[in-house]
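# Per-entry structural report
Okay, here's what each chain looks like letter by letter:
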Amino acid sequence: MPGSLMPKALLLQIRGKVQGVFFRDSMRQVAQRLALSGWVRNRQDGSVEAWVQGEEQAVDEILAWAQHGPPSAKVDQVESHSQEPDSALQDFKRKETV
């Protein structure tokens, strides 16, 4: 990857009105545009969880996007936790609710 020695990876926990507002599909589109890999899924507690990894600038961009999400979302809180990049993740997927 030009400009970065190691990819950056974050696990995000997004709370607020984030289910039923196309959050997962919107995030997948943004992640694909930014050439990120990872996944996004709903959680039974009403939050959205996402693993994002790629070039540092792109990860920072999607983290900033997650602060507001798509137009119909109302994000109250985003927690981010640094992770070790997972080389098995090659694309960005929408996963089933857990």
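Residues numbered from 1 in each chain as written. Predicted model: local features only at pLDDT ≥ 70, side-chain atom pairs only at ≥ 80, totals over all residues. Heavy atoms only, no water.

Throughout the structure, instances matching the rule amount to seven salt bridges. Across the salt bridge formed by Arg-15 and Glu-79, the nearest N and O atoms sit 2.9 Å from each other. Of this pair, Arg-15 sits in strand 1 (residues 8-17) while Glu-79 sits in strand 4 (residues 74-83), and the two are 64 residues apart along the sequence. Where Arg-43 meets Glu-49, a salt bridge forms, and the shortest distance between an N and an O atom there is 3.1 Å. Note on Arg-43: relative accessible area 26%, which makes it partly exposed. The exposure class assigned to Glu-49 is buried, which follows from its relative accessible area of 7%. Among the charged side chains, a salt-bridge network with shared partners connects Asp-25, Arg-28 and Arg-94. (Salt bridge = Lys/Arg side-chain N within 4 Å of Asp/Glu carboxyl O. Helix = DSSP H or I, 4+ residues; strand = E, 2+ residues; numbered from the N terminus. Buried < 20%, exposed > 50% of the residue type's maximum accessible area, 1.4 Å probe, protein only.)

On to unusual backbone geometry. In the Ramachandran plot, Phe-22 falls in the positive-phi region, its phi being about 65° despite a non-glycine side chain. As for its position among the elements, Phe-22 is in the loop between strand 1 and helix 1 (23-33). Judged by relative accessible area, Phe-22 falls into the exposed class, the value being 62%. Positive phi, close to 60°, is recorded for Ala-35, a residue that is not glycine. By the secondary structure assignment, Ala-35 is in the loop between helix 1 and strand 2 (37-42). The exposed category is assigned to Ala-35, whose relative accessible area is 64%.

Before going further, it helps to examine the environment of Ala-88. With respect to the secondary-structure elements, Ala-88 resides in the loop between strand 4 and strand 5 (92-94). Under the relative-accessibility criterion, Ala-88 is labelled exposed at 60%. When the C-alpha positions of Ala-88 and Gly-38 are compared, they lie 9.4 Å apart, and in sequence the two are 50 residues distant.

Turning our attention to the sheet that holds strand 2. The sheet built from five strands is open, its strands ordered 4-1-3-2-5 with mixed pairing. Looking at strand neighbours, the two that pair on one side only are strand 4 and strand 5, the edges of this open sheet. Strand-to-strand twist in this sheet, taken as the mean axis angle between neighbours without regard to direction, amounts to 15°. As judged from the nine bridges shared by strand 1 and strand 4, these two strands associate in the antiparallel manner. The partner of Leu-12 across the bridge, within strand 4, is Ser-80. This element, helix 1, spans strand 1, strand 2, strand 3 (48-54), strand 4 and strand 5 of the sheet and lies at about 170° to strand 5. (Pairing = 2+ DSSP bridges. Axes fitted to C-alpha atoms, helices over the stretch in contact; angles between N-to-C directions. Contact = heavy atoms within 4.5 Å.)

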